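Chains, contacts and geometry: an overview
This is what each chain is made of:
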Number of protein chains: 2
Amino acid sequence: MAKQIPYKIYLEEDEMPKAWYNYRADMKNKPAPLLNPATGAPVTHDDLAHVFCDELVDQELDNTTPYIPIPDEIRKFYNMYRPSPLVRAYCLEEKLQTPAKIYYKFEGNNTSGSHKLNSAIAQAYYAKKQGLKGVTTETGAGQWGTALSMACAYFGLDCHVFMVKCSYEQKPFRREVMRTYGAEVTPSPSDTTEIGRKILAEHPGTTGSLGCAISEAVEAATSREGYRYVLGSVLNQVLLHQTIIGLEAKAALDKYGVKADVVIGCAGGGSNLGGLIAPFIGEKLRGENDYRIIAVEPASCPSFTRGTFAYDFCDTGKVCPLSKMYTLGCDFIPSPNHAGGLRYHGMSPILSQLYHDGYIEATTVKQTEVFDAAVKFARVEGILPAPESSHAIKAAIDEALRCKETGKEETIVFGLTGTGYFDMYAYQAYNDNQMSDYIPTDEELAKYREQLPKIGG
Amino acid sequence: MAKQIPYKIYLEEDEMPKAWYNYRADMKNKPAPLLNPATGAPVTHDDLAHVFCDELVDQELDNTTPYIPIPDEIRKFYNMYRPSPLVRAYCLEEKLQTPAKIYYKFEGNNTSGSHKLNSAIAQAYYAKKQGLKGVTTETGAGQWGTALSMACAYFGLDCHVFMVKCSYEQKPFRREVMRTYGAEVTPSPSDTTEIGRKILAEHPGTTGSLGCAISEAVEAATSREGYRYVLGSVLNQVLLHQTIIGLEAKAALDKYGVKADVVIGCAGGGSNLGGLIAPFIGEKLRGENDYRIIAVEPASCPSFTRGTFAYDFCDTGKVCPLSKMYTLGCDFIPSPNHAGGLRYHGMSPILSQLYHDGYIEATTVKQTEVFDAAVKFARVEGILPAPESSHAIKAAIDEALRCKETGKEETIVFGLTGTGYFDMYAYQAYNDNQMSDYIPTDEELAKYREQLPKIGG
């Protein structure tokens, strides 16, 4: 007999996952290898080892080991803010008058405000283990930079964050959280790197982009002794660490004998989506169970739905390896009126392959309807969601309303990746009816598509 | 045999308290009655009923009923964000190298960012039940206003918040959270009330105070049909609702066979402290157990330690009942350089009586040492604390270091009332070494003491 489902399911410490799940091991079509931008050949361990920590390079390249144990030191840190709750959205269901059962995995209850901490602590751990002095990274909205600052403070590592200039100016509070955790925060583009000076010379007055901040952070890491670069999304290693989200969610559902029908995550670079779907996609890949898996992206940055599956640069400066992924072109920058995060031009190579092979669906949502959904959710469920997460909320509400029409009692699970406390300018624009939608035209997208590198077939 | 203590203890839904504990029932010396400012006589139910909801008036005046059941509708809302975790601060203990066992009850994991939601939802519920249209209130830092906005959105009530003008300007994000939950937010003093216009005429350019915002909110409630006033601290009813904090904390400790030695809470108006200590003070009042109970207040607003136990007005406009409490005088306003909340001139009458009778101790801490403690805590425990909460952190660290000296393995429990995400200006001042301490002189305090009303003996 099914137990009554509480509002929030927390796993006990001894029920927590002890290994990350590397679902590349179960993929028949593996994600295409990264290519060395200088030679066009697949990257080797040595190519990557001057950029990333050694053990992270291993994880990046490992397509075969299904489970990778989570080191005790990381599990100790996880214990401080995990398990995150799997919440039954009783009040939202009631509001929508839907027969659907809605669950969300809430990753916002930590000071970084999002799931980003799951990978930050892992990457900081391996850097510490390797005896490094510090790490560099970029941050856009600031969630990843905050998470990394917290992780570095914990392990006593230097942390240098290149923060996209418009965010640096618009989100001074995020910057201060990072500084409070001891990080050095530099607005990007800056005159502290060669690539930064080049970009500033070519585009005076630019307010920066994620791709450009990546280039600066990589340069800063590789030009200093004892530093490596770390990244908060897109990479295989990041998806690996983020599988803790899905593994916990699935364990919580299993504990109460609940089977999901639809699993929904927002998708920017793919870190949350890739983590949330892990055990579900695993069963799907192995043919054990079927699930609808839905990626939700902003209409203003639609890499899955309107991008090209091709090799492209991960960064604007074109210093990073090439990655085969759904991409809008590495020079694509969404309109500044887009407030909702998920601004990256590309998409995780793993998720790109899975989408290409039909294992996951993708849908786009517009900014104003995302904030409509966010406010509706906030008022009944009591959590002010991050704009990113609200993309998933919008899609989940749509699915629940579909169930209302069909009368089907489907179980919907979505990822509530974070909180919106540092996004109040966006909420203010919404509250003041100043928010608009931006959808790139076909012509715009074609322009960037034509600039994709002619490499890797 | 004692079970191993997890990092976080969560109660199950069926272990959650089903009644608030009214510890006035166990006090030999009851708190002194509120006095009608016009007549000087103890207030009656009717005196209060045009300001507060009927059932809340009953709770305010009830000195005898030990347990008051929590209505199902409130417990349903509590289920969305409660139980809050009781966290074992393993990493802080390690950092301090103390034999003490440190626990904190973390109330910050909800969108209001603090424990204030516990009473907001109760007060909104009784307003809804009475068929009211809406409620008015004041807010300083914004935690209470945010909590009330969330509660009113949930029950579909109008919510009008008078926000102290300097906070309204310095904390635009708090204001936007309230607006997102549908509240009307007015900077105080305003020209929308008589008392506001009077204060503006007498003090042009004033940036407002809590006492003044209270006066405006009371006027707005009592001059409109279908509205009542609600308050986030000081009142007996608020302490009653907040006992959920202590009841959960004690149940979590009991579950693992742990007895607290020291219980520590920050104290502004007393809502958190009064809630946290509930079951502990109950056992102490009944002579069943002994605990050290420590109130921590800012050196810049030291009502317990340097105030007078006397009747005083609760508000600057002197329209509210008089309350016998430790007070600095209703015109006292802490220096604007004080960033750490806990700015109220008075103190809960219940806690005042308990302090007067020797059941609780009080200590003061200075602003810079509070932020030192906050940052130390944030870096090892991963939570960025509210400045208010950090007063308790500072005292808990001091107690743990005392245990280190004496070698005693005492168990310390403190209240981590909230998060600091909306207090980043204060953290910025700290990060930039721009923070200073302010301690009122004896002469200043004497000036306000002389203005205390000559009433109630």
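Residues numbered from 1 in each chain as written. Chains lettered and ligands numbered in written order. Predicted model: local features only at pLDDT ≥ 70, side-chain atom pairs only at ≥ 80, totals over all residues. Heavy atoms only, no water.

With that settled, consider the relation of the copies chain B and chain A. Each copy of the sequence occupies a distinct position, and chain B is placed on chain A by a rotation of 180 degrees and an axial shift of 0.0 Å, giving an RMSD of 0.0 Å. With respect to symmetry, the two chain copies, as superposed, fit the operation of a two-fold axis. No C-alpha of chain B lies nearer the rotation axis than that of B:Asn109, which sits 2.9 Å from it. Mapped onto chain A, 100% of the interface residues of chain B are again interface residues, and the two copies thus contact each other with one and the same surface. (Least-squares fit on C-alpha atoms with pLDDT ≥ 70 in both. Contact = heavy atoms within 4.5 Å.)

This paragraph deals with the domain arrangement of chain A. Residue and element names in this part refer to chain A. On domain assignment, one finds that chain A holds domain 1 (14-30 + 60-112 + 235-431) and domain 2 (117-229). The distance between the C-alpha centroids of domain 1 and domain 2 comes to 24 Å. Between domain 1 and domain 2, the contact holds 35 residues from the first and 29 residues from the second. Across the domain 1/domain 2 interface, buried area totals approximately 2,600 Å², and carbon plus sulfur atoms make up 64% of it. Of all residues in domain 1, the largest losses of buried area upon contact with domain 2 belong to Phe 77, Ser 112 and Phe 422, amounting jointly to 26% of the total for that side. Here domain 1 and domain 2 share one salt bridge between them. We note a salt bridge from Lys 171 to Asp 423, for which the minimum N-O separation is 2.7 Å. Connecting domain 1 to domain 2 are nine residue pairs in polar contact (both at pLDDT 80 or more). Put simply, the parts of the chain that give the side of domain 1 that touches domain 2 at least two residues each are helix H3 (72-81) and helix H11 (236-255). (Domains from an automatic or database assignment. Buried area = accessible area lost by both parts, 1.4 Å probe. Salt bridge = Lys/Arg side-chain N within 4 Å of Asp/Glu carboxyl O. Polar contact = N/O pair within 3.5 Å; in protein donor to acceptor, adjacent residues only side chain to side chain. Helix = DSSP H or I, 4+ residues; strand = E, 2+ residues; numbered from the N terminus.)

A few words on the environment of B:Lys250. Residues and elements named next belong to chain B. Turning to its location among the elements, Lys 250 is positioned in helix H11 (residues 236-255). Note on Lys 250: relative accessible area 12%, which makes it buried. Along the primary structure Lys 250 and Leu 86 are separated by 164 residues, whereas in three dimensions their C-alpha atoms are 9.3 Å apart. If we ignore the near neighbours within four places in the chain, the residues touching Lys 250 are Pro 279, Phe 280, Glu 283 and Tyr 291. (Buried < 20%, exposed > 50% of the residue type's maximum accessible area, 1.4 Å probe, protein only.)

A few words on the interface of chain B and chain A. Accessible area lost upon the coming together of the parts serves often as the stated size of an interface. Listed by partner, the interface residues are 44 residues for chain B and 44 residues for chain A. Surface buried jointly by chain B and chain A totals about 4,300 Å² across both partners, of which 56% is contributed by carbon and sulfur atoms. Applying the counting criterion to the chain B and chain A interface returns four salt bridges. Of the charged contacts in the structure, one is a salt bridge between A:Asp432 and B:Arg179, with a shortest N-O distance of 2.7 Å. Linking chain B with chain A are 24 residue pairs in polar contact (both at pLDDT 80 or more), by the criterion used here. Where the side of chain B that touches chain A is concerned, the elements lending two or more residues are helix H3 (72-81), helix H4 (90-96), helix H6 (143-155), helix H8 (172-180), helix H16 (367-381) and helix H18 (424-431) of chain B.

The next subject is the confidence of the model for chain A. Considering every residue of chain A, the mean pLDDT works out to 95; 99% of them sit at 70 or more. Reported confidence for the predicted complex is 0.94 by ipTM and 0.96 by pTM. (pLDDT = per-residue confidence, 0-100.)

Glancing now at the side chain of B:Thr327. Of note, B:Thr327 is situated in strand E13 (residues 322-327). In terms of polar contacts, B:Thr327 uses its side chain to reach the backbone amide nitrogen of B:Gly329, at 2.9 Å.

What follows deals with the packing of helix H8 (residues 172-180) of chain A against H18(B). The interhelical angle for the contact between H8(A) and H18(B), taken along N-to-C directions, is 45 degrees, at an axis separation of 9 Å. On the basis of their axis angle, the class for H8(A) and H18(B) is oblique. Relative to H18(B), H8(A) is oriented so that their crossing is left-handed. Within the contact between the two elements, H8(A) uses A:Phe173, A:Arg175, A:Glu176, A:Val177, A:Arg179 and A:Thr180 and H18(B) uses B:Met424, B:Tyr425, B:Tyr427, B:Gln428 and B:Asn431. (Axes fitted to C-alpha atoms, helices over the stretch in contact; angles between N-to-C directions. Parallel < 35°, antiparallel > 145°, perpendicular 65-115°, else oblique. Left-handed = near helix turned anticlockwise from the far one by under 90°.)

Residue and element names in this part refer to chain A. An ideal rise of 1.5 Å per residue puts 18 Å on 13 residues; helix H10 (residues 210-222) measures up with 18 Å between its terminal C-alpha atoms. Burial analysis of H10 places ten of its 13 residues in the buried class, the great majority of the element. When we look at burial in H10, the residues that qualify are Gly 211, Cys 212, Ala 213, Ile 214, Ser 215, Glu 216, Ala 217, Val 218, Ala 220 and Ala 221. Packed against the buried residues of H10 are strand E6 (134-139), strand E7 (158-164), strand E8 (184-188), helix H9 (194-202) and strand E9 (227-229). (Expected span 1.5 Å × (residues − 1).)

Okay, the side chain of A:His391 next. All names here are of chain A. The topology assignment puts His 391 in helix H17 (residues 387-406). Judged by relative accessible area, which is 2%, His 391 ranks as buried. Excluding its chain neighbours within four sequence positions, the residues that come into contact with His 391 are Cys 266, Val 296, Glu 297, Pro 298, Gly 340, Leu 342, Val 365 and Val 370.

All names here are of chain B. Taken together, the seven strands give an open sheet; going across it, the order is E1-E4-E5-E15-E10-E11-E14, and neighbouring strands pair in mixed fashion. The open sheet has two edge strands with one neighbour each: strand E1 (8-9) and strand E14 (361-365). Direction of pairing for strand E5 (residues 101-106) relative to strand E15 (residues 411-416): parallel, over a ladder of six bridges. Across the sheet, residue Lys 105 finds its bridge partner in E15, namely Gly 415. (Pairing = 2+ DSSP bridges.)

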